[in-house]
Structures are given as structure tokens and as C-alpha cells.
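# Geometric and topological summary
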Amino acid sequence: MDKSIEYAQMCASAEEIQIFRAVNENSDQEGVSDAWEAGDFYSVKMRVFTISEDEDNPPAFLNPVWLPRQDQLQDYIVKEYVSVRKMMVAFGQYCEDYGDIKFSGEQLWLSFIMKNLYNKEWDGVEWIAQ
Amino acid sequence: MDSSMRYIAMCLRATQIQEIWKPEAGDFVWDNAGSVYPLSANNVKYYHKDKERINKFLNWMPRQDQLQDMVKPEPECAFNHVGQLVRWIDKNVSYACSVMTMEQLWLTFVMSKNYDKKWEGEKWVSMQS
């Protein structure tokens, strides 16, 4: 799992992704999102934590940044393809055309999604609409 | 995370993968009671106290990033693990098409590349046989 500061920055800046772990009206506990799932990774002040079944979800005032795993990122885009193989081939092509060779798997998938679903590219600081 | 019966079976029978497991919080496991869940930090502490007994009822289900870490790097290959997988898919189209999820695809790739094994529906068999 990519626990780097770079990935945490890319995730924090991707509002389109963070919205899936935002506090919602139906949450049982005030100021705590019930959208967190066991197995989620999140970052608070450059430290990375994981959520398990016997631990509480992080309160919103800590500004936890969700660090999606690769499978979680793929869930957002897999419906655009007729098969997993087709998605992987398209992803491979994206990496050839646009990918940064220093990127981790998580960073590449996040970039692929931001490009394909939201037409945004990472400039090293934030996601820029193209 | 792929918690399908197929991926569980593939992981359970990949003894080479189970043997190299060093448990960490956030690792997904399948227990003998039939549940799939991520380990907590407390689970990991407990594991290290009684490794042998716990190994009998916990089986590791590696995430994609963990499977990618097992791919031996090839020199001068940009996006090393992705490039290697895409080339492997090209050479094994029908086999790769039988795989349902990305976890299964990476595990199949790692077993093929590192251990020369192929999934035959119920078990890993040597590709030489």
C-alpha cells in the first residue's frame, strides 16, 4: 500500500474521490462518516492508519484523508469496460502515454481515473482540469 | 477487495505465497470459520505471540499492491510491474480472459512468473506438466 506523502497529497486534492468518505446526514455518530469500511487506509497529519472491525471510524475534525486501495479505485472505473482484461489493457496504454515512471500502482490508478472520469491531470500540487 | 470463493481458493492453495506472509495491519485474511476481514494492529500483535497456532486458521489474501511487490523487476522497463503484466496478458490471452478480477489476474501472473504455476480450476499445477 502506498503510504507516501505524495499519494496522501494526491488523494487529499481529489475531492471527487474524498466525497465517498465524507460525513453524511444519515451517520449515527455526529461528525463521523459512516462510509468508512474495514480495510480502508487513511492519513492524518502524515501518519497512515487502517480501519479494522474493532476500531472506531476517524472523526471528521481530524481531517482524515482516505487513501484508496487499487481495488477501490478500480471499482469506480471498471463499469466503463466490458472486461477486466480490457480495463487492464487501457490502463497499460494510459501508463505508456501519460504515466510518471516514479508513480506507484495506487498513484497510477488514481491518475487514470482522474483523467478518464474527470479529465484532470496532476501537476505535482493539485489536479488541473484540462 | 476480491472476497470471492475463487480468489479464496487460489490464495489458500498458493502455498508459496502463504509461506512468505509477514502479517501487518490492513492485511486481508480468510479464517477457517469462513470470514474475510482485514487484520487490526491488535490482531497482528496476537499473531506474533502465537504464530504457529494462528497459521493453522488464518490465510492471507494479498492485496494488489502486495502482489505487485512480489513481481521481480525487469531492467529498463518503465512502469515495471504494469508493463510486465500487460505483455504477459498479450501472450496468454485466453488464460488471462478466464480471470475475473484484478486480484486474480495479479496472483495468476505472480504464480506464473515466479513459480511457473498455472491455476487449473481447483489447484496450481506446474506449467511443465
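Every chain is numbered independently, its residues counted from 1 as its sequence is written. All chains are assigned letters beginning at A, and all ligands numbers beginning at 1, according to the order in which they are written. Note on the predicted model: pLDDT of at least 70 is required for a residue's local features to be given, and 80 or more for side-chain atom pairs to be given and counted; whole-chain, interface and lining totals, by contrast, use all residues.

Below, the discussion takes up the interface of chain B and chain A. By the convention adopted here, residues make contact when the C-beta atoms placed from their backbones lie within 7 Å. With 29 residues of chain B in contact, the opposing surface of chain A contributes 25 residues. Where helices and strands are cited, they refer to DSSP runs of H or I of at least four residues and of E of at least two residues respectively, numbered from the N terminus. Elements supplying a minimum of two residues to the side of chain B that touches chain A: strand S2 (36-38), helix H5 (64-69), helix H6 (80-91), helix H7 (93-97) and helix H8 (102-115) of chain B. Ranked by the residues each element gives to the side of chain B that touches chain A, the list is headed by H6 of chain B, at 5 residues. Only Asp, Glu, Lys and Arg are considered charged in this grouping, and only Ala, Val, Leu, Ile, Met, Phe, Trp, Tyr, Cys and Pro are considered nonpolar; every other residue, Gly among them, is considered polar. Split into classes, the residues belonging to the side of chain B that touches chain A amount to 18 nonpolar, 7 polar and 4 charged.

What follows covers the pairing of strand S1 (residues 41-44) of chain A. All names here are of chain A. DSSP calls a pair of strands paired once it identifies at least 2 bridges connecting them. Bridge count for S1 against strand S2 (residues 47-50) is 4 bridges, and the pairing is antiparallel. Across the sheet, the residue bridging to Val44 is Arg47, located in S2. Between S1 and S2, which pair antiparallel and follow one another directly, the connecting turn spans 2 residues, one of which, Lys45, has a positive phi of 50°. Two strands pair when backbone bridges link them, and S1 and strand S3 (residues 65-67) are joined in this way by 3 bridges, in the antiparallel orientation. Bridge pairing in S3 links Tyr42 to Trp66.

Turning next to unusual backbone geometry. Residues and elements named next belong to chain A. If you check the backbone angles, Lys45 has positive phi at about 50° while not being a glycine. Locating Lys45 in the fold gives a position in the loop between S1 and S2. Residue Lys45 is classed as exposed on the basis of its 9 C-beta neighbours within 10 Å. For Asn119, which is not glycine, the phi dihedral falls at a positive 50°. Whether a residue is buried, exposed or partly exposed follows from its count of other C-beta atoms within 10 Å of its own C-beta, namely 20 or more, 12 or fewer, or something in between, respectively; the C-beta atoms are built from the backbone.

As a further point, take helix H4 (residues 84-97) of chain A. Residues and elements named next belong to chain A. What a helix should span is 1.5 Å times the count of its residues minus one. With 14 residues, H4 extends 20 Å between its outermost C-alpha atoms, agreeing within 8% with the 20 Å of an ideal straight helix rising 1.5 Å per residue. Taken together, the buried positions of H4 are Met88, Phe91, Gly92 and Cys95. Angular distribution of buried residues about the axis of H4 spans 105°; they occupy a single face of the element. What the arc measures is the spread of directions leading from the helix axis to the C-beta atoms.

Residue and element names in this part refer to chain B. Confidence along chain B averages 87 in pLDDT terms, with 94% of residues attaining 70 or more. When mean pLDDT is taken per element in chain B, helix H1 (residues 5-12) scores highest with 96 and helix H4 (residues 51-57) scores lowest with 76. The ipTM assigned to the predicted complex is 0.88, against a pTM of 0.90. Every residue gets a pLDDT, meaning the predictor's confidence in that residue, from 0 to 100.

As a further point, take the sheet that holds S3 of chain A. Residue and element names in this part refer to chain A. Read across the sheet, 3 strands follow the order S2-S1-S3 without closing on themselves; strand pairing throughout is antiparallel. In this open sheet, the two edge strands, each paired with only one partner strand, are S2 and S3. Ignoring strand direction, the axes of neighbouring strands in this sheet form an average angle of 35°. Structural elements are reduced to axes, namely lines fitted to C-alpha atoms, with helices fitted over the stretch in contact, and the angle between N-to-C directions of any two is expressed from 0 to 180 degrees. This element, helix H1 (residues 5-13), spans S1 and S3 of the sheet and lies at about 115° to S3.

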